[in-house]
Amino acid sequence: MFAKNERTEAAITDLTRDGEGIGRAEGCTLFVKDALPGDRVLAHITRPKKTYAYARTERILSPSPDRVEAACPEARRCGGCRLQELRYEAQLAFKEKLVRDALVRIGGFPEPPMKGIVGMEEPFRYRNKAQYPIGMVKGELTAGFYVSRTHDIIPVSDCLLTREVNAEILRIFLEFLKEYRISAYDEQTGAGLVRHLLIREGFSTGQILVCPVISGSSLPKSGVLVERLRVIPGITSICLNVNTSRGNVILGQKVIPLFGDPWIEDELDGLRFRISPLSFYQVNPVQTVRLYRAALEAAGLTGQETVFDLYCGIGTISLFLARKAKEVCGVEIVPDAIRDAKENAARNGICNARFYTGAAEELVSRGCFEEGVPLPHADVVVVDPPRKGCDPALLKAILRMEPDRVVYVSCDPATLARDLKTLCADGRYALRSAQPFDMFSQSCHTECVVKLVRQEPGADRE
């Protein structure tokens, strides 16, 4: 076994789901930071264990044929671009393998019916949302991103995953804070005012929302900030988000408008959506259209179906579905998102979509969205849960509802596979297709659309 700070040569053969290289040396498995499959590296042991060890790449002895030069100088330190040194085609193969391996090993599907991953034509500048922590680095007020697995800030003036305009917004904001001596929030002490800067952009509309997150009730000289930011074309909304908690949740629940409406609008596939600071909205609009079209295809709608869209957010998938369904019932726990969903349905002239606030597992489990009104039969259930997957109570409720089809949109292959194993455990549902989508190029994350079909004895219900 290895000791801490030992060095050893290792051939890297695979990647973990977090983007660490996997290799072996002297009969020990190594997890090596900044190493890629095909690399041969000199590994510096950082955390030895009984049967394996963690290490970092001290030197690349021979590079992988899939290794490329990172476009961003901070790609290794920053937590958002773990794969930037991996050729894009190899990134796609890695993500497709992540989904397949999870379905086999966790889900228990020996031969999952996979469709090829849908990649991007341009895997940079795709994010319509960025959240920059504000803090002190070597005595200087700065903004950037966190070092991987820490809350230490790397100063970044222009992230290559975000829009170019963000760099100018950051410059103006930081100069304003410095000029008026407005303090950054300190996570350790709870002192200071400014925690983050949130920027959202509607790619199709060009509208931009700028939202400082503060640990207080107001921002000094906010009128000056508004005047300086308004010179940037596209800025239609400037607001404050108040977060006085001591935790690491970025946004609080209170939004204070400073200029314009506290939202922007964007368009996807002919549908127009209102997006507020607290709303969930996919960060990659180009891939979102492809993802939602795939979900719509998996739903197999003919115009006669009642569809439940659980974890519906601001109603993006719901409205895609409503154009082909008899009716759609959307459920989301965030009240602001449901308010936006109702507004979005109205502005798009969609009358067959209804939205309800609450935890999906609670509303579905008790059998009603409104007091005394039983749930209609669901022909199709669509779920798009957070990374932790579906609540077990919701999975049980879906099985009791017995929809003909379940469409599962997932952002985590492991929790997806776990939930599919539950839904398919007794043979009532069969996995018909799984298709990954690269929504988060340069990172280790991937999205997936899965179709389940209800089975009856002796009959195929597809």
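How each quantity is defined
All residue numbers refer to positions counted from 1 along the written sequence of the respective chain. In keeping with the model being predicted, local features are shown solely for residues with a pLDDT of at least 70 and side-chain atom pairs are shown and tallied solely at 80 or more, while totals for entire chains, interfaces and linings include all residues. The side-chain numbers reported here are obtained from all heavy atoms of the structure, hydrogens and water having been left aside. Secondary structure elements are taken from DSSP: a helix is a run of H or I of four residues or more, a strand is a run of E of two residues or more, and numbering for both begins at the N terminus. It is over C-alpha atoms that the radius of gyration is taken, and the globule rule equals 2.2 Å times the number of residues to the power 0.38. With a 1.4 Å probe rolled over the protein chains alone, any residue whose accessible area is under 20% of its type maximum counts as buried; one over 50% counts as exposed, and the rest are partly exposed. Residue contacts are counted whenever heavy atoms from the two residues lie within 4.5 Å of one another. Positive charges come from Lys and Arg, negative ones from Asp and Glu, while His and the chain ends are left out of the count. The location of each charge is read from NZ of Lys, CZ of Arg, CG of Asp or CD of Glu. In the sections that follow, a salt bridge refers to a side-chain nitrogen of Lys or Arg positioned within 4 Å of a carboxyl oxygen of Asp or Glu. Working convention: axes come from line fits to C-alpha atoms, limited for helices to the stretch in contact. Angles between N-to-C directions cover 0 to 180 degrees. Oblique is the label for any angle not under 35 degrees, not over 145, and not in the 65 to 115 range, which are roughly parallel, roughly antiparallel and roughly perpendicular in turn. By the definition used in this description, the sense in which the near helix is turned from the far one sets the handedness, with an anticlockwise turn below a right angle giving left-handed and a clockwise turn giving right-handed. Each residue gets one of three labels, nonpolar for Ala, Val, Leu, Ile, Met, Phe, Trp, Tyr, Cys and Pro, charged for Asp, Glu, Lys and Arg, and polar for the others, Gly among them. In short, DSSP must find at least two bridges between two strands for them to pair. Within this scheme a cavity is a closed region of a 1 Å grid, computed over the protein atoms alone, that accommodates a 1.4 Å probe without allowing it to escape, whereas a pocket is open but has protein on both sides within 12 Å along at least five of seven lines; lining residues each have an atom within 4 Å of a point. Grid points are joined across faces, edges and corners, and a volume is the space filled by probe spheres set on the points. We call Phe, Tyr and Trp rings a pair once their centres come within 6.5 Å, taking the six-membered ring for Trp, and we label the pair stacked below 30 degrees between planes, edge-to-face above 60, and tilted otherwise. Both a distance and an angle decide whether a charge sits over a ring: NZ of Lys or CZ of Arg must be within 6 Å of the ring centre and within 35 degrees of the ring normal.

### Remarks on the overall build of the protein
When its secondary structure is counted, the protein shows nine helices and 24 strands. Relative to the globule expectation of 23 Å for 462 residues, the C-alpha radius of gyration of the protein, 24 Å, shows essentially globular dimensions. Counting only C-alpha atoms and orienting by the principal axes, one finds that the protein spans roughly 65 × 60 × 40 Å. A total of 462 residues make up the protein; the buried ones form 55% of that total. Summarising the internal contacts of the protein: among those between residues at least 6 apart in sequence, 63% fall at separations of at least 24. Taking the 61 positively charged and 60 negatively charged side chains of the protein as two groups, their mean positions are separated by 3 Å.

### Quick look at the pattern of salt bridges
If you walk through the whole model with that rule in mind, you get 37 salt bridges. The shortest N-O distance in the salt bridge between Arg163 and Glu201 comes to 3.5 Å. With Arg163 in the loop between β8 (153-155) and α2 (165-179) and Glu201 in strand β9 (residues 194-201), this pair connects stretches of sequence that are 38 residues apart. Accessibility expressed as a relative area gives 12% for Glu201, which makes it buried. One network of salt bridges, with partners in common, ties together Asp39, Arg67, Arg76 and Glu85.

### Details of the packing of α2 against helix α3 (residues 222-229)
Close contact between α2 and α3 brings their axes to 10 Å; oriented N to C, the two are set at 155°. In terms of orientation, α2 and α3 fall into the roughly antiparallel class. Crossing angle aside, the handedness with which α2 passes α3 is right-handed. Mapping the contact onto sequence places Ile169, Ile172, Phe173, Phe176 and Glu179 in α2 and Val224, Leu225, Arg228 and Leu229 in α3. The class makeup of the residues in the contact of α2 with α3 is seven nonpolar, no polar and two charged.

### Here's the deal with the sheet that holds strand β1 (residues 7-15)
Taken in spatial order, the five strands close into a barrel running β1-β2-β3-β5-β4, and their pairing is mixed. Averaged over neighbouring strand pairs, the angle between their axes works out to 50° when direction is ignored. Note that strand β4 (residues 40-48) and strand β5 (residues 52-62) share eight bridges and pair antiparallel. If you follow Ala43 over to β5, its bridge partner there is Thr57.

### Side note on the layout of surface pockets
Estimates place the volume of the second largest pocket at around 250 Å³. Glu20, Lys33, Thr46, Arg47 and Arg149 are, among the 13 residues lining the second largest pocket, the residues nearest its centre. Only β3 (28-33), β4 and β5 provide two or more residues apiece to the lining of the second largest pocket. Broken down by element, the residue count for the lining of the second largest pocket peaks at three residues, all from β5. For the lining of the second largest pocket, the class distribution of residues is four nonpolar, three polar and six charged.

### Regarding empty space enclosed by the protein
On inspection of all chains with the given rule, the structure shows two cavities of 30 Å³ or more. Estimates place the volume of the largest cavity at around 120 Å³. Forming the walls of the largest cavity are 13 residues, and the residues nearest its centre are Asp34, Arg76, Cys81, Arg82 and Glu85. In terms of residue class, the lining of the largest cavity is made up of four nonpolar, two polar and seven charged. Considered as a void within the structure, the second largest cavity measures approximately 50 Å³ in volume. Forming the walls of the second largest cavity are Phe280, Tyr292, Asp309, Tyr311, Cys312, Gly313, Thr316, Ile317 and Asp384. Grouping the constituent residues of the lining of the second largest cavity by class yields five nonpolar, two polar and two charged.

### Thoughts on the sheet that holds strand β12 (residues 254-259)
What the seven strands build is an open sheet, ordered β8-β7-β6-β9-β10-β11-β12; its pairing is mixed. Bordering the open sheet on either side are β8 and β12, each of which pairs with just one other strand. Recorded for the sheet is a direction-independent mean angle of 35° between the axes of neighbouring strands. With five bridges joining them, strand β10 (residues 208-214) and strand β11 (residues 235-242) adopt parallel strand pairing. Bridge pairing links Ile208 to Ile235 in β11. Across the sheet, α2 is in contact with β6 (129-137), β7 (140-146), β9, β10 and β11; its angle to β9 comes to roughly 150°.

### Re the packing of aromatic side chains
This model, assessed by the stated rule, comprises nine aromatic pairs. Arranged with centres 5.9 Å apart and planes meeting at 75°, the rings of Phe31 and Tyr52 form a pair that is edge-to-face. Of this pair, Phe31 sits in strand β3 while Tyr52 sits in strand β5, and the two are 21 residues apart along the sequence. Taking 5.5 Å as the distance between ring centres and 50° as the angle between the ring planes, the aromatic pair formed by Phe176 and Tyr180 counts as tilted. Judged by relative accessible area, which is 0%, Phe176 ranks as buried. For Tyr180, a relative accessible area of 28% translates into the label partly exposed. Aromatic ring contacts, followed pair by pair, group Phe31, Tyr52 and Tyr54 into a single cluster. Here the guanidinium or amino end of Arg195 rests over the ring plane of Tyr185, the centre of that ring lying 4.1 Å away.

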